[in-house]
Structures are given as structure tokens and as C-alpha cells.
Amino acid sequence: MGIGILALAGAFLLVAPLGLKPYGIFILSMWAVMTIAAIGLNLTLGYAGQISLAQAAFVGIGAYVTAWLTTKGAWPFWPTYALGFASCFAVGWILGYPALRVQHHYLAFVTLAFNTLVYLVFRNEEWLTNGIYGISNVPRPSLFGFSLKGGREFYYFCLANLVFVSLAAWWLIRSPWGRAFVAVRENPIRALSLGVDTRRYTLMAFAIGAGLGGISGALYAPLTQFVDPTPFALGLSLNLLLMVVLGGSGYFFGPFLGAIVAVLLPEWLRFAQGYYLMGYAVLVMVMMAFWPTGLLGLADRLLKK
Amino acid sequence: MLPAFFILIGTHTFGLPFWLAAILGGVATLILLGLAFKKVMVDPMIHHGVLPLVIATIGLAILMKEAVREFYGADAWPFPALWATTDVTLFGAVFAVQSLLILATCIVVVGALQLFLAGTLTGRCMQAAAQNPAVARLLGIRVERMILYTFLINAALVWIAALLVTPIYLAKFTNGEILGLYAFIAALIGGFNQVRGAIVGGLLLGVIDNFCAVYVSSSYRMAVPLLVLIAVILVRPQGLLGRVEERTV
Amino acid sequence: MRGLIAVLLLLSGSAFGQVKLAYVGEISGQLAVSGGNFRDGIILAVEEINARGGMLKQKLDLTLYDTQTNPGVARAQMQKAIDGEPYTIFGPVLSGNVKVTLEIVKQAEVPQFIGGEAADLVTLGNPYMFRTSFGQQIGMPKIANYIRDELKAKSIALIWVNNDFGKAGRDQLLRVLKERDIRLAADVSTEAGQVDFAADVVKLKSANADAVFVYSNEEECARIMREARKQGLKGPFVGDTTLLSQKTIELAAEAANGVVGHVGLTVDAPIPEVKAFGERFQKRFKYKPDHNGLKGYTAVYAMRYVTEKKLGKLDRKALAKTLHGLTITPKEEPGILMETTWNDVGEIDRISFLAEVVKGQQQIVKVLPKLGK
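Remember, predicted model here, so these are calculated numbers, not experimental data.

A.B. asks: Help me understand the overall build of chain C, please; the structure alone is not making it clear to me.
C.D. replies: When helices and strands are counted, chain C shows twelve helices and 15 strands. The buried share of chain C, reckoned over its 373 residues, is 65%. For chain C, the share of sequence-separated contacts (at least 6 apart) that also reach a separation of at least 24 residues comes to 67%. Split by element, the accessible area of chain C, about 12,900 Å² in all, is 54% carbon and sulfur.

Right, dumping it as C-alpha cells:
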């Protein structure tokens, strides 16, 4: 049955843009980009059990690297894309160090502080980021000489990235690394006694999660074609966290579902306006109270009954 | 933020005099933020661990914020001051009456809280329940009830804080975000299991925050309390005055 | 291709007998007060025009899109608005949201009346963009002259909000102060939505400047003024439109008294048409409009005047082209309220005012002439 749903969803994603106006395509592209960031966070939080409230900072770093280098530096897209990933990977690795010392809400606060600091750097260091004025006219790349300028073309590009990232994450989770992540989450001491280098895997979980945030950012910049500090404040980090948890943290398709609820549904339910956010908040609370494993955890339980 | 709006609803919508609205707002705060928060949110969630509770609290914050925005509007509102906004001169320096009275109220409230926790039977039972629920239960303390008391006290303190700061800060639906964060950081820095800890944390945070804003760079001001927090967390995770708790492995 | 689509649009538009307009603005979030005023100004003008039979005998059909004061949402909502193929777009009011939507509006070739005042907006190359109030590079020199000539101040302590509006204003002010040899004694950056200004006011106080310049959004202005009075900071307090706006005065109460500054637009202007507008607005929406109400209202009438009197047909490109370099007087179009000129990049020019807050009311001290005269 799972495969059937997957095929259906895939077919929908391929065909949808043909029937949608630019607005709908933009929202779908945004969904793909946010899902990539959420997949990264799911690796850190869901599989390795390390809470992070800094994912927005990594999306921001990725977006700024791409925006800055493709506009001021006139670089082609791909090197900036790789650099966005690499720089986030490196910074994520460093951010992992506090996680070796503290856990739970302490770790949440350390990462939260990091996010705030990165936001302030984006805003205050005008020589580097153009400050609050932002970087405009970020170009969209072309692929094999084929321009991705149009909304529809760029959507397929984002989708292709999402598929690529998903496959990589799928492979990672099934590899010995992924199993080591889960071992670190479930019982770090036992993992250590079994010879798993928990130190390295904790740092690795942070770094890879952050790197995917960077890829998400590298796509975000050419999608909106304008980068300024405000989207990368703490709000987005909380939002990504809610996406992962609501969809089902530790479930592979959790981030996909969570991003649908957080990115797509509000647009379809626009008529509900403020009530939508209230409903969303209530949903989060009810889920946490009764099914803390998220929507997929709930579905899992219902199916098994 | 919420108590301030309860009071505003009282005065604006029902035309109540301010003191009556303030008292009713206090009762509503106790019921909603104390009783209901404990019964509806914390009780079912506490066995799932800390993370779901934290996330649910984020959800609750969104809900309260959006409800105020939807039903009361996104504008800021002026809020009546409890005391006249005049200045007095003491020892050659000018003080605002408002600030002095806020300070006095804080000292009284903190003193009362300390007396209650250390000097009364209920207060000591509450401490016992917090430190070791299992043993407390063995000794015949009704742990559930004690936890409920802490939530009620918390709600009452929130109400007092709202009455004190809203005349200066104005009532707005986003007010809770920053202030709540600061309060939480202050408690973490000072140490969670101590009233004194929270006060030391709060004072330290306030002083550092203001000194940095004046002498260093105000554009990086937001980061300073957080950096202090990181330093404390990494060096002394139990807080400056906190006692070491057993940590789950 | 685009031309063909435009023609089809026009046909479909006239077939339904309606002209689609879109307001993409800050209906909720941090800037809800300004965005709400702007929206209500537009609504009032649209209702008035429709009550008198519409534009070119067609009803105006206004759709509202809420940016939630969030650039990501603004980008999506602007795309949605453009998908609806409006004849003209009004908003956004937040300068950052104008910038994030600039590319798509330019590509769609729809005339846009923005509320944003950041200095650089009209230099970014969207030929369809028109301001509804002064950019900061026009407002700031007028204030600087006032500081030099009337206050005779040699030094200024500045407190500003660190968002795109505040930063751009600060940069402009610094430039014009330097030209006039006025020293900057303190340069205090604050956050949008900040509630505690105790330390910031201490900094202003210790600067010991001849005047204090407050440049922030309405609510923060009110909080700064309250804190300043509490700490006994002596003015004079100078500012631009937001510091003297109705909302700030209401929130700051007596703390706002004695504040002076430059006001681009105000319903307290000593002009009968503007006063009459203020009364109509208050009757319809039960509150007193600030400058954003006037901005939205006059923008709709500017669009109607050009479309009906100059073009006689619905033509987006011609609308933008005609409005460049055009002066509209209240005699020709009463709804414009004050004589207004747009230059070749969409920058606006009209008279403006020096005002003072006296006993909780904004009072006009002096009328400043148009720059072009």
C-alpha cells in the first residue's frame, strides 16, 4: 500500500504544475525546499535524537552563500551550491560540540542562541551580507544549457533536488551510519559499550542535518530571487521543528507530511485566516498530548490495529 | 501578555472599573494558565518526556497569540498605570515612582514566596515533591496537589508581572515572546530549583543586558543574554545557584 | 505574447464589467497598523468611486492579500495577486516586502502604488512602481533644515529601529546631517517589536545632545517616548511622520506632548479637502486615519484620474507611462486632496508639514513647499 501512495504522490507532483498558476507552482516549490531542510532536521532530531533550533540559520547560510556568490561574485550556480552544503556541514559539525556536553532543553537553548547570533550577523554585517537591505536579483541557474528561469522549470529543478536528497537520506539511514545514529538516540551508553564512536556520530548527525539545511538555502535564494535576514530568524527554526515533529520525527516521510501541513495547507485554507494558525496550534498540542510520534506514528498505529 | 488582555477585555468590552477587571483578570489567569494548563497539557504529556511538552508549549504560545490577534486586534494598546507616573528625588538622584514601586512589589512578592516555601508546611511539602516525588509520596505528601500549587503560584506571579510591566511596555499580542524568553533564560542561568537562583539570574541578565546595550553594541544586544546562557550551560549546567540533580543517563 | 494576454485580459475584464484591483499589504503582523490604515484608505476610495458609477462605467473590484508582514508570505501573496490579473496593485507598505516582490511585479508589468518609504526603492528599476508618499531622501533634508535653522542644534542623539525602514532612514539622515555640520552624539540601534528601552534611553541621556531624534515604528516610538519621560530625558524630541502619527500619540499619551517633526501627510493638515476626507474616513471605519490612510486613498484616485481622464481605456502600460512626470491638482481630481507630482522614476512630490504635538493633538506649525518649486 505504501508504494501505491508513493506512486500516486509522485504522479501528482509531476503533473500538478501543468494545471496550476504561477502562485500554486511557487508554493509547491517552497514546499520542496522546506522539505529538504526538514529532512535534514529529521536526521538530527528524529534519528540521532539531538534537538536543534538552528536549522533556519543553516538555511540562511546556504541562501547567503549562493546569493552573494552568484550576484556579487558572478559565480555559476553549482559551485555555490556545493559551497553552501560544505560550509553548513562544517559549521554544523562545530555546533555539535555542545551536544556532547548537554542534552534536551539545554541543547535547545544553545542552538537557539546560535540561530539568533547568525541572524544578527546577517543583519548587522553590512559589508558581508548587505545587511537589512538584502541581496536582490539572485539569478536562477541553468542546467545543461537549459534555462530554469521560468517558475515551472524551477519547480522541477527543486523537485529533482528533493528526490536526490531523499534517496541519499534513504541510503544513509539504511547504512551502518544510520543504525549508529539510532543507537546513539536510544541508549548512548550501550552504544558506546558496543564500540560505536558516539562522539563522532553525534557530530556527524549535526553536520549532515545542517548540510541539508544549506542545500535548502541554496535553492531558496534563486527561488525567491531576494535574500534578506528576516526569514532566517528563530521563527523558521521553530516552524521546521514543528514540521518534523508533527509529521512524525524518526519516520522517513515525516518531514514531507509535516511540510504539507505547515507550508501547503495554510495556502489552501487561506479563507480560514487567523483561525488556521489557531487550529494548527491546537493540532500540535493534541498530537503531543496523545500521539507524540506525529501523524505517521498515528497512521502506523491505526494500520497495525 | 494574556493577563493584560484579560484585564483590557474587562475594562473595554464589559465596561468594568479597572480594579475589578484586574481582579477578574487575575482569576481568569489562575484558572486558564494555572489549572487548565496543568490538567489539560502537562498531565497527559509528562510521561512522554520533555520534548513533546516543550513543543506543545510552543503550540500553546501560537494559539494564545493568534487568539488575541484574531479577537482583539494586532494593535498595541495603552494600559493604565497602577500608580502616578511622577518622579521623586531621593539622595540627589531622580527616580520614577513607577520604577520604585515595581521594585518594592518585587521585593515583597519574593520575600513572601521565600517565606512560604521555607516557612510553611505546604511550602516544604512542595519542595519535597519537586526534589524527590517518590519519597515524598511515601511520606504521605500529596504530590499531585503540590505540583498543582506550583502551577497556580506560577500563574499568579505572571499576573503580577503583567500588571507591573504592561503600563510601560503597552499591551500587544507579540509581547509574550521576548519577555517569556528572557524569564526562561533568567531561570536557567540562576538555576531552576531555587527562588534565589531565578532572582540572581534575572538581576544578572538585566544588568548584563543593559550594560552591553549602553557600552558595547546595541545592534548585537539580542545575542548577549543568550551567550551568557551558553557559557553558563556549558560550564555549570545546574545553574549558578542550582543544586546538582541526578541526570538521566 | 504578453500583449496578447493583456488584450485578452482587457476583453475578459470588460465582459464582466469589473476592474480588478489588488491590495497586497500588511494586514496582520508587526506592521498591521500601517497596513490596515492603507487598506482602509483604499477601501474608502473604491466604495466612493463605485457609489458614483465606477471607473469607465465599470465597478472596481478590490481583492485583499495579507503579507502578514513576512517577506516569504509577501512573495507568495504577490504572485497570487498577479495570477488574478489585476489592473493595478496597491501596497505593500513595508519596504522590505516591496523589495521581495519587485522582480515579479516588474515582470508582470502591472502598475503598483507602494506605501514603502525606504530611499532606495525607486532606484531598483521597476518602471511600474509609484510612491504614495515621500521617500526618505526627500523627507530627511527637510527635517535636517529644521534642526539647523529652528532648533539651532549642533548635535543629535539618534535612536532608530534596525529594520529596512529604520536603517535606510538612518543612513539618509546621517548623510544630510553631515552636509549641515551637525554632529551625531549617539547612534542607538533598537529591535523591531522591542519593549524595554531603559538602556537605550540611558545611552541617549548620556550623549547630552542638543536634540533627540526618534525614528521607529509607531508602537516603539510610543514606548521610547514613555521611557524617555520616565527617565526625565530633556528633548527637544524630533522625528518624522511615525513619531507624530495618531497611533503614537494615543499610545504614548502625555509623553508625546512637545514632540516636533516633519509630517509628509496628515489629516490635521490645514486643507479643507483633507479634513473632509478625515471625517468621511472616521465615519466609515470609526477611527482616525494616519498618513497611510491618506496614501491608500489618494493612490486609488490617481489611478482613476489617469485611466478615465487621460487614457479613456484600461491600459496598464499607458497608465504607468502617463503617470511619469504628471502633476495632478485637486481642481482636476478632488480625490487627490493635494497637488501631487510624480517624476520619471515614480518618486512623489507634494507640500509637507512641520508639526508639533500639543495636548495630545498634532498641530501644524508650518507648511513646507514642494521641492520642485
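A.B. asks: Looking at this structure, I do not really get the sheet that holds strand 13 (residues 348-349) of chain C. What am I missing?
C.D. replies: Consider a sheet: its strands pair through backbone hydrogen bonds, and that pairing is either parallel or antiparallel. All names here are of chain C. Strand order across the open sheet formed by three strands is 11-12-13, with antiparallel pairing between neighbours. With partners counted over all chains shown, the strands left at the sheet margins are strand 11 (327-328) and strand 13, one partner each. Judged from the two bridges that link them, strand 12 (residues 340-342) and strand 13 form a sheet pairing that is antiparallel. Looking at strand 13, one finds that Trp342 is bridged to Ile348.

A.B. asks: Even after reading the chapter, I still don't get the interface of chain B and chain A, so can you show me in this structure?
C.D. replies: How big an interface is tends to be stated in terms of the accessible area lost upon association of its parts. Across the contact, 38 residues belong to chain B and 35 residues belong to chain A. The junction of chain B with chain A conceals about 3,400 Å² of combined surface from both sides, 81% of it contributed by carbon and sulfur atoms. At the boundary of chain B with chain A, the tally comes to one residue pair in polar contact (both at pLDDT 80 or more). Secondary structure elements with two or more residues in the side of chain B that touches chain A: helix 2 (18-45), helix 3 (50-72), helix 8 (175-190) and helix 10 (223-235) of chain B.

A.B. asks: Help me understand the interface of chain C and chain A in this model?
C.D. replies: Taken together, the 23 residues of chain C in the interface contact 22 residues of chain A. Both sides together, the interface formed by chain C and chain A hides about 2,000 Å², and carbon and sulfur atoms give 51% of it. Three residues stand out in chain C for area buried against chain A, namely Arg75, Asp83 and Lys99 of chain C, and they jointly supply 25% of the buried area on that side. Applying the counting rule to chain C against chain A returns two salt bridges. Its salt-bridge partner being Lys167 of chain C, residue Glu126 of chain A comes within 2.5 Å of it at the nearest N-O pair.

A.B. asks: I'm lost on the pairing of strand 7 (residues 183-190) of chain C in this one. Help?
C.D. replies: Two faces make up the sheet, and in a regular strand the side chains alternate between them. All names here are of chain C. Bridging between strand 6 (residues 155-161) and strand 7 involves seven bridges; their strand directions are parallel. By the bridge assignment, Leu158 is partnered in strand 7 with Asp187. Assessed by its sense of winding, the connection that carries the chain from strand 6 through helix 6 (residues 164-179) to strand 7 is right-handed.

A.B. asks: Help me out: how do you make sense of the sheet that holds strand 9 (residues 237-239) of chain C in this one?
C.D. replies: All names here are of chain C. Here seven strands make up an open sheet; going across it, the order is 7-6-8-9-10-14-15 and the pairing mixed. Each having just a single partner strand, strand 7 and strand 15 (361-368) make up the two edges of the open sheet. Mean inter-strand twist for the sheet, computed between neighbouring axes without regard to direction, equals 25°. Pairing geometry for strand 9 and strand 10 (residues 260-263), over two bridges, is parallel. Directly across from Val238, in strand 10, lies its bridge partner Val260. Along the sheet, helix 6 makes contact with strand 6, strand 7 and strand 8 (211-215), crossing strand 6 at roughly 165°.

A.B. asks: For this particular structure, what's the right way to read the environment of Tyr23 of chain A?
C.D. replies: Mapping Tyr23 of chain A onto the fold places it in helix 2 (residues 22-47). Expressed as a C-alpha distance, the spacing of Tyr23 of chain A and Gly151 of chain A, which sit 128 residues apart in the sequence, is 9.0 Å. Excluding residues that lie within four positions of it along the chain, Tyr23 of chain A makes contacts with Glu267 of chain A together with Ala76, Gln77, Gln79, Lys80 and Asp83 of chain C.

A.B. asks: In this structure, what is going on with the environment of Asn50 of chain C? I would like to understand it.
C.D. replies: Residue and element names in this part refer to chain C. Relative to the assigned elements, Asn50 resides in helix 2 (residues 32-51). By relative accessible area, Asn50 is classed as buried at 15%. Not counting residues up to four positions away in its chain, the partners in contact with Asn50 are Lys59 and Leu60. Polar side-chain contacts of Asn50 include one of 2.7 Å to the backbone nitrogen of Leu60.

A.B. asks: Could you clarify how one ought to interpret helix 4 (residues 97-119) of chain B in this entry?
C.D. replies: Note on helix geometry: an α-helix contains 3.6 residues per turn, so any two residues three or four positions apart are oriented the same way. Helix length check: helix 4 of chain B, at 23 residues, gives a terminal C-alpha distance of 32 Å against a target of 33 Å (1.5 Å per residue), a fit within 8%. What helix 4 of chain B keeps buried is the set Val97, Gln98, Ile102, Leu113 and Leu117 of chain B.

A.B. asks: Hey, could you run me through unusual backbone geometry in this one?
C.D. replies: What is expected of a backbone is that most residues other than glycine have negative phi and most peptide bonds are trans. Following Gly91 of chain C, the chain continues to Pro92 of chain C via a peptide bond in cis, the omega torsion being -5°. Note on placement: Pro92 of chain C falls in the loop between strand 3 (88-90) and helix 4 (95-108). Even without a glycine there, the phi angle at Asn130 of chain A is positive, about 65°. Within the secondary structure, Asn130 of chain A sits in the loop between helix 6 (126-129) and strand 1 (135-136). In this structure Asn130 of chain A comes out as partly exposed when scored by relative accessible area, which is 26%. Backbone geometry at Asn208 of chain C places phi at a positive 55°, although glycine is not the residue there. When you line up the elements, Asn208 of chain C lands in the loop between helix 7 (198-207) and strand 8. Judged by relative accessible area, which is 66%, Asn208 of chain C ranks as exposed.

A.B. asks: Whenever I open this one, the environment of Ala118 of chain B confuses me. Can you help?
C.D. replies: One can find Ala118 of chain B in helix 4. Apart from the residues within four sequence positions on either side, Ala118 of chain B is in contact with Arg124 and Gln127 of chain B.

A.B. asks: Mind showing me how you'd approach the packing of aromatic side chains here?
C.D. replies: Two aromatic rings are characterised by how far apart their centres lie and by the angle between their planes. This structure, assessed with the given rule, holds 30 aromatic pairs over all chains. Summarising the aromatic geometry, the rings of Phe253 of chain A and Phe256 of chain A are spaced 5.3 Å apart at their centres and angled 55° between planes, so their arrangement reads as tilted. Look at Phe256 of chain A and you get buried, because its relative accessible area is 14%. With a centroid separation of 4.9 Å and an interplanar angle of 50°, the aromatic rings of Phe281 of chain C and Phe285 of chain C are classed as tilted. Pair noted here: Phe281 of chain C and Phe285 of chain C are both in helix 10 (residues 272-285), with a separation of four residues, about one helical turn. Residue Phe281 of chain C is classed as buried on the basis of its relative accessible area, which comes to 0%. By the ring-pair criterion, three or more aromatic residues cluster together here, those being Phe277, Phe281, Phe285, Tyr287, Tyr297 and Tyr301 of chain C. It is Arg174 of chain A that lies over the ring of Trp170 of chain A; its NZ or CZ is 4.0 Å from the centre.

A.B. asks: Would you mind showing me how to read the confidence of the model for chain C here?
C.D. replies: Low-confidence regions, as indicated by low pLDDT, have predicted coordinates that should not be scrutinised in detail. Averaged over all residues, the pLDDT of chain C is 87; the fraction at 70 or higher stands at 95%. A low-confidence stretch, residues 1-15 of chain C (pLDDT under 50), is modelled with eight contacts involving residues beyond four sequence positions or located in other chains.

A.B. asks: I would appreciate a short explanation of the side chain of Thr80 of chain A in the present structure.
C.D. replies: Residue and element names in this part refer to chain A. Within the secondary structure, Thr80 sits in helix 4 (residues 77-101). Assessed through its relative accessible area of 0%, Thr80 is described here as buried. Once residues lying within four places of it in the same chain are set aside, the contact partners of Thr80 are Val65, Thr66, Leu69, Thr70 and Trp75.

A.B. asks: In this structure, what is going on with the packing of helix 2 of chain C against helix 10 of chain C? I would like to understand it.
C.D. replies: For any two helices packed against each other, the geometry is given by the interaxial angle and the distance between the axes. Residues and elements named next belong to chain C. Where helix 2 meets helix 10, the closest approach of the two axes is 11 Å, and the angle between their N-to-C directions is 100°. By the criterion of interaxial angle, the relationship of helix 2 to helix 10 is roughly perpendicular. Listed contacts from helix 10 to Asn37, Asp40, Gly41, Ile43, Leu44, Glu47 and Glu48 of helix 2 are Phe277, Arg280, Phe281, Arg284 and Phe285. Split by residue class, the contact of helix 2 with helix 10 holds five nonpolar, two polar and five charged.

A.B. asks: Hey, could you run me through helix 10 of chain C in this one?
C.D. replies: The first and last C-alpha atoms of helix 10 of chain C sit 20 Å apart over 14 residues, in line with the 20 Å expected at 1.5 Å per residue. Each element contacted by the buried residues of helix 10 of chain C is listed here: helix 2 and helix 11 (291-311) of chain C.

A.B. asks: What exactly am I supposed to notice about the pattern of salt bridges here?
C.D. replies: Any two side chains of opposite charge can pair, on the condition that their charged atoms come close. Within the structure shown, the criterion is met by 25 salt bridges over all chains. As a salt-bridge pair, Lys313 of chain C and Asp315 of chain C come within 3.6 Å of each other at their nearest N and O atoms. Given the relative accessible area of 45%, Lys313 of chain C is considered partly exposed. Salt bridges linked by common partners bring Glu126 of chain A together with Lys167, Arg170, Asp171 and Asp187 of chain C together as one network.

Thresholds, definitions, all that
Residues numbered from 1 in each chain as written. Chains lettered and ligands numbered in written order. Predicted model: local features only at pLDDT ≥ 70, side-chain atom pairs only at ≥ 80, totals over all residues. Heavy atoms only, no water. Helix = DSSP H or I, 4+ residues; strand = E, 2+ residues; numbered from the N terminus. Buried < 20%, exposed > 50% of the residue type's maximum accessible area, 1.4 Å probe, protein only. Contact = heavy atoms within 4.5 Å. Areas by Shrake-Rupley, 256 points an atom, 1.4 Å probe, with all protein chains shown as cover. Pairing = 2+ DSSP bridges. Buried area = accessible area lost by both parts, 1.4 Å probe. Polar contact = N/O pair within 3.5 Å; in protein donor to acceptor, adjacent residues only side chain to side chain. Salt bridge = Lys/Arg side-chain N within 4 Å of Asp/Glu carboxyl O. Right-handed = clockwise from strand over helix to strand, strands pointing away. Axes fitted to C-alpha atoms, helices over the stretch in contact; angles between N-to-C directions. Expected span 1.5 Å × (residues − 1). Phe/Tyr/Trp six-rings, centres within 6.5 Å; stacked < 30°, edge-to-face > 60°. Lys NZ or Arg CZ within 6 Å of the ring centre and 35° of its normal. pLDDT = per-residue confidence, 0-100. Parallel < 35°, antiparallel > 145°, perpendicular 65-115°, else oblique. Nonpolar A, V, L, I, M, F, W, Y, C, P; charged D, E, K, R; others polar.

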